[in-house]
Amino acid sequence: MQKFTEFADELRFVFVESDRWKWLIEGLGNTLKITAVSLIIGIVIGIVIASIRSSFDKNQETMKKRGGVGYNLLSALNSISKVYLWVIRGTPVVVQLLILYFIILQSVSNGVAVAMVCFGLNSGAYVAEIFRSGIMSVDEGQFEAGRSLGFNYLQTMRHIIIPQAFKTVLPTLCNEFIVLIKETSIAGYVGIMDLTKAGDLIRGRTFKAFLPLIAVALIYLALVTVLTWATGKLERRLRRNER
Amino acid sequence: MSANIIEVQGLKKHYNDGTVKALNGIDCTIRRGEVVVIIGPSGCGKSTFLRSLNLLELPTEGSITFEGQVITNPKTDINRHRQKMGMVFQQFNLFNNLNIIDNITLAPIKLLKMSKEDAEKKAMELLERIGLADKAQVYPQQLSGGQKQRVAIVRALAMEPDVMLFDEPTSALDPEMVGEVLEVMRDLARGGMTMVVVTHEMGFAREVGTRVIFMNEGQICEEGRPDDIFDYPQSDRLKDFLSKII
Ligand SMILES: Nc1ncnc2c1ncn2[C@@H]1O[C@H](COP(=O)(O)OP(=O)(O)OP(=O)(O)O)[C@@H](O)[C@H]1O
Ligand SMILES: [Mg+2]
């Protein structure tokens, strides 16, 4: 009984006093905001890069023969995409965040916005490769059948390839979402109060480490568990549709 | 309308910087209403030749004229001409994301701007013809190989092509399903469709073919009427080939 009262007292001290629980709520809000916006940025970048890369792979032979600016443009875009993928995937995301915050986007005072850009750019690289692998996984025969009926490249992609590719990559995409949530926990490096930072602030203020950090861990765990469950459900639904 | 639907001149297709000469100088004319059967040993370039006709393979050299248009000219809009050249693949290649009726109506609706009702009515007529009207709402994964290939044929027919190209349409089928696909092709030929067929079905070649082309090492080695080719082969290569397959 004594133990229990002590625990309740500590809970009250750590979270209720000075309304410190509100920090966690605010931090969680920022974490979710950053994750959601970067996911959207990441998907947009991913679609663009994956389209450039796979259309270059598929069309370079034809376009080279025809010559002209089309080929040069696509080839340049393809090279830029490759450099982007190389840099983003070759450096730690913390370093990218620091560089963006302290150098490239120095003039932007809104840390949350910088984090959104940073994680968006970062996940864009991974989403691009997810989409590209999805496009590659669709059998070449599907593409040829579309072209043989008279569809052009883009029509074939739109009506035949992308719908099939999207279905295959949806679970992986959800996974990327889950990874992203956890990755944003480094936002505190540039002074953003995300969920992790909020827990750490409480620890600093109360000189109690156990409760705030465990609380943060439990919140992440709950988020990830719900998302994993939803992904699994989606995956089963997709497989069922395959008949 | 010219009697020649396809004219091929000096067609070459090289791979890997010219080390693989899949096609090595082919001249060939296909007339309207002909059923041309292409035979030859594995790797002799049959598929490459057929796929060059609608530019799924880009020729290294040579020209292809389709209905009076030089389609190998880079300025030609190949997509428009492909609408008039139906193609049937060994692996069927039905669109996995669409059910049977949508497989058939997609191209007429999107490319010929046909209304959905008209396209579906026509698709149902075609399905009726091959006895698969009850499968309209089903997805390709639920069909047998023979059924898939028959649908693939009518999918191409829905575009009302002037010529049909078949690349070993029965080679991926269980033996008991070969007949139903050949029957559809026989029907087509009877209806006067111009066809180019790569196949190992010599019975079909003899019965339905109006001309047989024997290819060897990327070239046309011998060609003629089916009976002449099968009963009186001239070249040693053809004699050798026939002795191995019969
Ligand atoms: N994409 C490619 N890259 C390199 N070589 C190729 C390619 N496609 C075909 N070839 C080669 O070209 C030659 C002709 O191939 P093709 O597929 O046209 O033969 P085929 O007569 O259809 O044979 P099969 O009866 O086995 O289908 C073969 O030697 C093949 O290895
Ligand atoms: Mg072949």
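Residues numbered from 1 in each chain as written. Chains lettered and ligands numbered in written order. Predicted model: local features only at pLDDT ≥ 70, side-chain atom pairs only at ≥ 80, totals over all residues. Heavy atoms only, no water.

All names here are of chain B. Between helix α5 (residues 145–157) and helix α6 (residues 175–190), whose axes approach to 8 Å, the crossing angle comes to 20°. If you check the angle between α5 and α6, you find them roughly parallel. Between α5 and α6 lies a crossing of right-handed hand. Residues G145, G146, Q147, Q149, R150, I153 and L157 of α5 form the contact with α6, whose own contacting residues are M177, E180, V181, V184, M185 and L188. For the contact of α5 with α6, the residue count by class is seven nonpolar, four polar and two charged. (Axes fitted to C-alpha atoms, helices over the stretch in contact; angles between N-to-C directions. Helix = DSSP H or I, 4+ residues; strand = E, 2+ residues; numbered from the N terminus. Parallel < 35°, antiparallel > 145°, perpendicular 65-115°, else oblique. Left-handed = near helix turned anticlockwise from the far one by under 90°. Contact = heavy atoms within 4.5 Å. Nonpolar A, V, L, I, M, F, W, Y, C, P; charged D, E, K, R; others polar.)

Residue and element names in this part refer to chain B. Residues in contact with ligand 1, as listed here, are Y15, V20, A22, P41, S42, G43, C44, G45, K46, S47, T48 and E168. Within the side chain of S42, an N or O atom sits 2.6 Å from an oxygen atom of ligand 1. Note that an oxygen atom of ligand 1 is positioned 2.5 Å from one of the side-chain N or O atoms of T48. In isolation ligand 1 offers 640 Å² of accessible surface; the protein chains occlude 61% of this area. At the level of elements, β2 (20–31) and α1 (46–53) are the ones that each hand at least two residues to the shell around ligand 1. For the shell around ligand 1, the leading source of residues is α1, giving three residues. (Near = heavy atom within 4 Å. Polar contact = N/O pair within 3.5 Å; in protein donor to acceptor, adjacent residues only side chain to side chain. Areas by Shrake-Rupley, 256 points an atom, 1.4 Å probe, with all protein chains shown as cover.)

Another point: the interface of chain B and chain A. Buried accessible area, meaning the area lost when the parts come together, often serves as the stated size of an interface. With 30 residues of chain B in contact, the opposing surface of chain A contributes 23 residues. Of the roughly 2,300 Å² buried between chain B and chain A on both sides combined, carbon and sulfur atoms contribute 56%. Per-residue buried area on chain B facing chain A is highest for L58, F95 and N97 of chain B; these three make up 22% of the total on that side. A salt bridge links E144 of chain A to R51 of chain B, with the nearest nitrogen and oxygen atoms 2.7 Å apart. Connecting chain B to chain A are seven residue pairs in polar contact (both at pLDDT 80 or more). Elements with a contribution of two residues or more to the side of chain B that touches chain A: α2 (78–82), β6 (85–88), α3 (100–111) and α5 of chain B. (Buried area = accessible area lost by both parts, 1.4 Å probe. Salt bridge = Lys/Arg side-chain N within 4 Å of Asp/Glu carboxyl O.)

On their own, these measurements won't tell you what the molecule is for.
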